[in-house]
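# Close look at the chain arrangement
So the chains spell out like this:
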Amino acid sequence: MNLVIFGPPGAGKGTQSKLIAKKYKLYQLSTGELLRGEISNKTALGNKISKIINDGELVSDEIVSSIIEKFISNKIYKRKLIFDGYPRNLNQAKNLDELLKQNDQKVDLALKLSVSLETIKKRILERKTQEQRADDSEDIAIKRFETYEKSTRPILDYYKQSNLLKVVNGEASIAEISDEISGIIEAI
Ligand code: AMP
């Protein structure tokens, strides 16, 4: 099974991806982590993309596609991938379908961890430290949340049309969310 996971910053997407990967022996493919790895290893690609990533911009579709293609075409990961951070736009979603198809695979499930802005704000406040002004980090968090929700809407609609989208209540505890996801996976 290949799955795609979505959720705004603070929704617990990373935590849940790791839990699912462990439980179902899948591989978490985080494009953000892979790109940061290229930068810290100072590869030619890393040097090319470091400014883009540091400025918070998106790397080109071609670069990210070439990275995920290596995993999709590798038999070790066949039907065992959790895509975390990919796709980020409709072009990438269509490209993912194409790459999987070429390798006799498909997206079997798209999961969205749904969390309200109020909860995200509460989580930030709980985390706030002396050195950091809560309102600063709250402003940034609100901006990130809104940008995320807006930019992923067309991709979620895309998966909804194919009947692949399942929305999970991200307000619950880590264990409860994980149980809900397990139920969805096991029903496929
Ligand atoms: P993330 O850890 O998912 O927030 O990703 C960190 C950074 O990596 C992003 O701000 C982008 O610059 C880049 N990145 C990660 N995934 C993608 C993607 N699918 N398309 C374009 N850029 C990406």
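Here, every reference points to the structure presented above.
Keep in mind it's a predicted model, so treat the numbers as computed, not measured.

## Section: the overall build of the chain
Check the secondary structure of the chain and you find eight helices and five strands. Here the C-alpha coordinates of the chain stretch approximately 50 × 45 × 30 Å along the principal axes. Of the contacts formed within the chain by residues at least 6 apart in sequence, a portion of 74% connects residues at least 24 apart. As presented, the chain carries roughly 11,000 Å² of accessible surface, and 50% of it is formed by carbon and sulfur atoms. If you average the places of the 31 positive and of the 27 negative side-chain charges in the chain, the two averages end up 4 Å apart.

## Observations concerning the site of the ligand
As a structural note, the neighbourhood of the ligand is formed by 13 residues, with T31, R36, E57, G85 and Q92 the closest of them. R36 is positioned with one of its side-chain polar atoms (N or O) 3.0 Å from an oxygen atom of the ligand. Between the ligand and the protein, one listed contact pairs a nitrogen atom with a backbone N or O atom of V59 at 3.1 Å. When the free accessible area of the ligand is taken as 480 Å², the share hidden by the protein chains comes to 82%. The cavity where the ligand resides is the largest pocket. Among the residues forming the shell around the ligand, the class breakdown is six nonpolar, four polar and three charged.

## Things to note about the packing of aromatic side chains
Applying the stated criterion across every chain yields a total of five aromatic pairs. With a centroid separation of 4.7 Å and 45 degrees between ring planes, the pair formed by Y27 and Y77 is classed as tilted. Of the two residues, Y27 is situated in strand β2 (residues 27–30) and Y77 in the loop between α4 (61–72) and β3 (81–84); the sequence distance between them amounts to 50 residues. For Y77, a relative accessible area of 18% translates into the label buried. With a centroid separation of 5.3 Å and 40 degrees between ring planes, the pair formed by F71 and Y77 is classed as tilted. Of the two residues, F71 and Y77, neither departs from the other in class, the shared state being buried. The rings of F6, Y158 and Y159 are connected pair by pair, giving a single aromatic cluster.

## Let's talk about the environment of Y77
Considering only alpha carbons, one finds Y77 and L29, 48 residues apart in sequence, at a separation of 9.9 Å. Leaving out residues up to four positions away in the same chain, Y77 has contacts with Y27, F71 and Q105.

## Considering the nonpolar core
Within the largest apolar cluster, 29 residues are counted, with the highest numbers of intra-cluster contacts made by F6, I72, F83, L96 and Y159. Setting aside anything within four residues of it in sequence, one finds F83 in contact with N2, L3, V4, I5, L29, I72, L96 and L100. The next biggest cluster of nonpolar side chains, apart from the first, holds 20 residues, and it includes A11, I177, I184 and I185.

## Considerations on the pairing of strand β4 (residues 109–114)
The element β4 is extensively covered by neighbouring structure, given that five of its six residues are classed as buried. The pairing of strand β1 (residues 3–6) with β4 spans four bridges and is parallel. Counterpart to V4 in the pairing with β4 is A110.

## What to know about the environment of E149
Here E149 is to be found in helix α7 (residues 134–161). Residues E149 and F6 lie 143 residues apart in sequence; the distance between their C-alpha atoms is 9.8 Å. Setting aside anything within four residues of it in sequence, one finds E149 in contact with P8 and K112. A polar contact of 3.3 Å, which involves the side chain of E149, links it to the side chain of K112.

## So, the pattern of salt bridges
Under the criterion given, the structure shown has six salt bridges. Notably, a salt bridge pairs D84 with K13, separated by 2.6 Å at the nearest N-O pair. Taken as a pair, D84 in strand β3 and K13 in helix α1 (residues 13–24) lie far apart in primary sequence, 71 residues in all. One exposure class covers both D84 and K13, and it is buried. Here K51 makes a salt bridge to D55, at a shortest N to O gap of 2.6 Å. Residue D55 is classed as partly exposed on the basis of its relative accessible area of 44%.

Cut-offs used in this document
Here, residues in each chain are numbered from 1, in the same order as that chain's written sequence. Local features in this predicted model are restricted to residues whose pLDDT is 70 or higher, and side-chain atom pairs enter the listing and the counts only when it is 80 or higher, whereas totals over whole chains, interfaces and linings include all residues. Each side-chain value is derived from all of the structure's non-hydrogen atoms; neither hydrogens nor water enter the calculation. The numbering of helices and of strands both runs from the N terminus, where a helix is a DSSP run of H or I of at least 4 residues and a strand a run of E of at least 2. Here a residue-residue contact requires only that any non-hydrogen atoms of the pair lie within 4.5 Å. Each accessible area value is a Shrake-Rupley result obtained with a 1.4 Å probe; residue values ignore everything except the protein chains displayed when judging cover. The sign given to each residue is positive for Lys and Arg and negative for Asp and Glu; His and the chain ends receive no count. Taken as the charge centre is NZ of Lys, CZ of Arg, CG of Asp or CD of Glu, depending on the residue. For each residue, the test is whether any non-hydrogen atom lies within 4 Å of the molecule or strand; if one does, the residue is near. Polar contact criterion, stated in full: a pair of N or O atoms within 3.5 Å, where within protein one must be able to donate a hydrogen and the other to accept it, and residues adjacent in sequence count only if both atoms are side-chain atoms. Cavities and pockets are found on a 1 Å grid laid over the protein atoms alone: a cavity is a set of points where a 1.4 Å probe fits but cannot escape, a pocket is an open set with protein on both sides within 12 Å along at least five of seven lines, and a lining residue has an atom within 4 Å of such a point. A cavity or pocket is said to hold a molecule if more than half of that molecule's atoms lie within 2 Å of its grid points. Side-chain classes are defined by residue name, with Ala, Val, Leu, Ile, Met, Phe, Trp, Tyr, Cys and Pro counting as nonpolar, Asp, Glu, Lys and Arg as charged, and the others, Gly among them, as polar. Classification of ring pairs uses Phe, Tyr and Trp, with its six-membered ring standing for Trp, and accepts pairs whose centres are within 6.5 Å; under 30 degrees between planes counts as stacked, over 60 as edge-to-face, and the remaining range as tilted. Residue exposure (1.4 Å probe, protein chains only): buried if accessible area is under 20% of the type maximum, exposed if over 50%, otherwise partly exposed. Each nonpolar core is a collection of buried residues, namely Ala, Val, Leu, Ile, Met, Phe, Trp, Tyr and Cys, held together in the definition by side-chain atoms within 4.5 Å. Only strands joined by at least two bridges in the DSSP assignment are considered to pair. Every case where a carboxyl oxygen of Asp or Glu lies within 4 Å of a side-chain nitrogen of Lys or Arg is listed as a salt bridge.

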